[in-house]
Amino acid sequence: TKHLKHPDRFIQIGSEARANTTALPELFSVFNPSSGELLAELPDMTVEDVSAAVARAYAAQERWAGLTARERSDILWRWHQSIVDNSDDLAAILTAEMGKPLAEAKSEVLHAADYLQWYAEEANRIYGETISAPSNDRRMLVIKQPIGVVGAITPWNFPASMVARKISPALAAGCTVILKPAEQTPLVAGAIFALAQRAGFPDGVLNLVYASDGDVIGRELCSNPDVRKISFTGSTEVGRLLMRQCSDQIKRISFELGGNAPFIVFDDADIDAAVEGAIQAKFRNAGQTCVSANRLYVQSSVYAEFGEKFTERVRKLKVGDGFDTDVSVGPLIDEQALAKVERHVEDAVQRGAKIRCGGRRTGSNGTFFEPTVITGVCSTMRLAQEETFGPLAPIIRFDDPDQVVREVNDTIYGLAAYFYAANLKRIWRVAEALEYGMIGINTGRMSSEAAPFGGIKQSGIGREGSRHGLEDYLEMKYLCMGGL
Ligand code: ADP
């Protein structure tokens, strides 16, 4: 991870997206969270740059939508293949700017490629319908057409797969795209876009913009009438703001927002499997995923066994620089993220909870936090109410299986929930009663390009992945043919 001041490749992508201006751009910096080292400086784009990108996307829209599905599919396939071919380099860039262990970064890059593959295939499966008309002199049909220009805003926690998951269905549907990656992690997005250029997307179909302040870009994307849809993954707070900004023009939206995922272990569960699932659901990406288990509920009769085995397993997790082999937990993204985990630990301990392992920041450089288990937790503590987004596992004991479902549903969020149980009747009842968009049953990991990812309540609107993800980029048009 050498110092890449003004890396030609990225400046080139940046300058292409910039408006015609002779003024030198302001720069913003990208750092490695494991070492604090400066990785790159990128042009800080202005409103004019964003509106120029929208104009290019708008100009390209008709031609892109006019290609055959097979032609769009072929380009997506080539892009998919080049991401697979370059996955080692992409993973190294991702680990450098975001911190996650290299093996996780590699699997994320391949998962990004999975989305491109899925939507390269799905591009060919856009169907309309014919409807039996109430009178014989007319015929009624529904056709599907691309929504138009899409503004996509992605977060730093999955800087490669979020980009692919968002823009591949849009492209498959025939929409052109302006992407704004998170300011902490624009480099892997830049590299993925460089590969897209080689795959043969026509000019203007894909546009990359970035800025140190997301608000500058967000306002332009939401207020420019040529942008027809905003697709956003990030915090519920920013989601609320974007929804308000989109309301003036009734723009289409797809939002994937925050969560507060419960992970419930019932007394009939396979405890060893539940421990493994909880490690996956809690510590993958250092707990920085919107589907990370935020609070573990364990039934009284298996509480002691689960607590011991889980804590034992957490003690073995190695924290450190993602480039070191055998590291399984990387740094948190920044100081602010670290401070939030500390606040959650402090609040719980002050209110009587017990730290079983971890509990502190660690390492001399970087923003590392020890993998932490806390017991004696109750649902009213901050760590059970708010999304911690860090390697902190609070365990809550429960007795009544009906009561626990009511308790975990008592939140504004509704993204992911997990539970472990064996009894078939219980599995169905609990799965149906949980007010969440995605339920992991006897698994700690469920994200897949083949499945609809998304939340209910204040966790979002719309779905990404699967055939449903494609529908979110299509408008339906009803054709009524009379006088027949
Ligand atoms: P996180 O807490 O994960 O950083 P954010 O919602 O702040 O979540 O960020 C997710 C994405 O939204 C990033 O790309 C960020 O730059 C962008 N963003 C943040 N604030 C705004 C805003 N006011 N308008 C548009 N985009 C924003």
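Since this is a predicted model, take the numbers as computed values, not measurements.

Chemist: Before we go on, may I ask you to explain the site of the ligand in this structure?
Modeler: The ligand sits among 15 residues. The nearest are Gly214, Gly218, Gly234, Ser235 and Val238. Looking at the shell around the ligand, the elements with two or more residues in it are helix H8 (214-223) and helix H9 (236-247).

Chemist: For this particular structure, what's the right way to read the sheet that holds strand E15 (residues 372-375)?
Modeler: Note: strands within a sheet are paired through backbone hydrogen bonds, in either parallel or antiparallel orientation. The sheet built from seven strands is open, its strands ordered E12-E15-E16-E11-E10-E17-E18 with mixed pairing. The open sheet has two edge strands with one neighbour each: strand E12 (354-357) and strand E18 (438-441). Strand-to-strand twist of the sheet, defined as the mean angle between neighbouring strand axes without regard to direction, takes the value 25°. As judged from the three bridges shared by E15 and strand E16 (residues 392-398), these two strands associate in the parallel manner. Looking at E16, one finds that Ile374 is bridged to Pro394.

Chemist: Just checking my understanding: could you explain the pairing of strand E6 (residues 177-180) for this structure?
Modeler: Every regular strand shows the same layout, with side chains that alternate between the two sheet faces. Alternating positions in E6 separate into two faces, Val177 and Leu179 on one and Ile178 and Lys180 on the other, with burial throughout. Remark: the strand E5 (residues 149-153)/helix H6 (residues 161-173)/E6 crossover connection has right-handed handedness. Once the chain exits E6 it traverses helix H7 (residues 187-199) before rejoining the sheet at strand E7 (residues 206-208), and the crossover so formed is right-handed.

Chemist: So what exactly am I meant to see when it comes to the confidence of the model for the protein here?
Modeler: Of all residues in the protein, 95% have pLDDT values of 70 or greater, and the mean over the chain is 95. Predicted confidence for residues 1-16 stays below pLDDT 50, and this span has 24 contacts to residues more than four positions away or in other chains. What the predictor reports for the complex is a pTM of 0.95 with an ipTM of 0.98.

Chemist: What is the right way to look at the pairing of strand E1 (residues 27-31) in this model?
Modeler: Of the strand pairs in this sheet, E1 and strand E2 (residues 38-43) are connected by five bridges, and their pairing is antiparallel. Its bridge partner being in E2, Phe31 is matched across the sheet by Leu38.

Chemist: How do you make sense of the environment of Tyr297 when you look at a structure like this?
Modeler: Along the chain, Tyr297 falls in strand E11 (residues 293-299). As a C-alpha pair, Tyr297 and Pro394 span 97 residues in sequence and 8.5 Å in three-dimensional space. Those residues in contact with Tyr297, other than ones at most four positions away along the chain, are Pro262, Ile264, Ile396, Phe398, Val404 and Val408.

Chemist: Help me understand the sheet that holds strand E4 (residues 139-146) in this model?
Modeler: Read from one edge to the other, the open sheet built from three strands follows the order E3-E4-E20, with strand pairing classed as antiparallel. On the outer flanks of this sheet lie strand E3 (129-131) and strand E20 (474-481), each paired with one strand and no other. Going across the sheet, the axis of each strand differs from the next one's by a mean of 25°, ignoring polarity. Two strands pair when backbone bridges link them, and E3 and E4 are joined in this way by three bridges, in the antiparallel orientation. Within E4, the residue paired with Thr130 across the bridge is Leu141.

Chemist: Just checking my understanding: could you explain the UniProt feature "active site" (unreviewed entry) in the protein for this structure?
Modeler: Within this numbering scheme, the UniProt entry marks Glu256 as carrying the feature "active site" (unreviewed entry). Beyond its immediate chain neighbours, meaning those up to four positions away, Glu256 contacts Thr233, Cys290, Gly454, Gly455, Gly460 and Glu464.

Chemist: Is there a simple way to explain unusual backbone geometry in this structure?
Modeler: Excluding glycine, most residues fall at negative phi; most peptide bonds, likewise, are trans. Its identity is not glycine, yet Ile250 carries a phi of approximately 45°, on the positive side. Take Ile250: it is sitting in the loop between H9 and strand E9 (252-256). Positive phi, normally seen in glycine, also occurs at Asn442, with a value near 55°. Here Asn442 falls in the partly exposed class, since 15 other C-beta atoms lie within 10 Å of it.

Chemist: Looking at this model, I keep getting lost on the UniProt feature "domain: Aldehyde dehydrogenase" (unreviewed entry) in the protein. Mind explaining?
Modeler: In the numbering adopted here, UniProt assigns the feature "domain: Aldehyde dehydrogenase" (unreviewed entry) to residues 28-478. Span residues 28-478 is 43% helix and 20% strand, its end C-alpha atoms 47 Å apart.

Chemist: Teacher, can you tell me more about the nonpolar core here?
Modeler: For soluble globular proteins, nonpolar side chains are generally found buried alongside one another. Leu90, Ala160, Val177 and Ile192 are the most contacted members of the largest nonpolar core, which has 140 residues in total. Examining the composition of this core, we find that ten residues originate from one element, helix H5 (residues 102-122), more than from any other. The residues touching Ile192, leaving out its near neighbours within four places in the chain, are Ile83, Leu90, Ala160 and Val163.

Definitions and limits used
Residues numbered from 1 in each chain as written. Predicted model: local features only at pLDDT ≥ 70, side-chain atom pairs only at ≥ 80, totals over all residues. Near = placed C-beta within 6 Å. Helix = DSSP H or I, 4+ residues; strand = E, 2+ residues; numbered from the N terminus. Pairing = 2+ DSSP bridges. Axes fitted to C-alpha atoms, helices over the stretch in contact; angles between N-to-C directions. Buried ≥ 20, exposed ≤ 12 C-beta atoms within 10 Å, placed from the backbone. Right-handed = clockwise from strand over helix to strand, strands pointing away. pLDDT = per-residue confidence, 0-100. Contact = placed C-beta atoms within 7 Å. UniProt positions renumbered as here; feature names shortened; annotations may be inferred. Core = buried A, V, L, I, M, F, W, Y, C linked by C-beta atoms within 7 Å.

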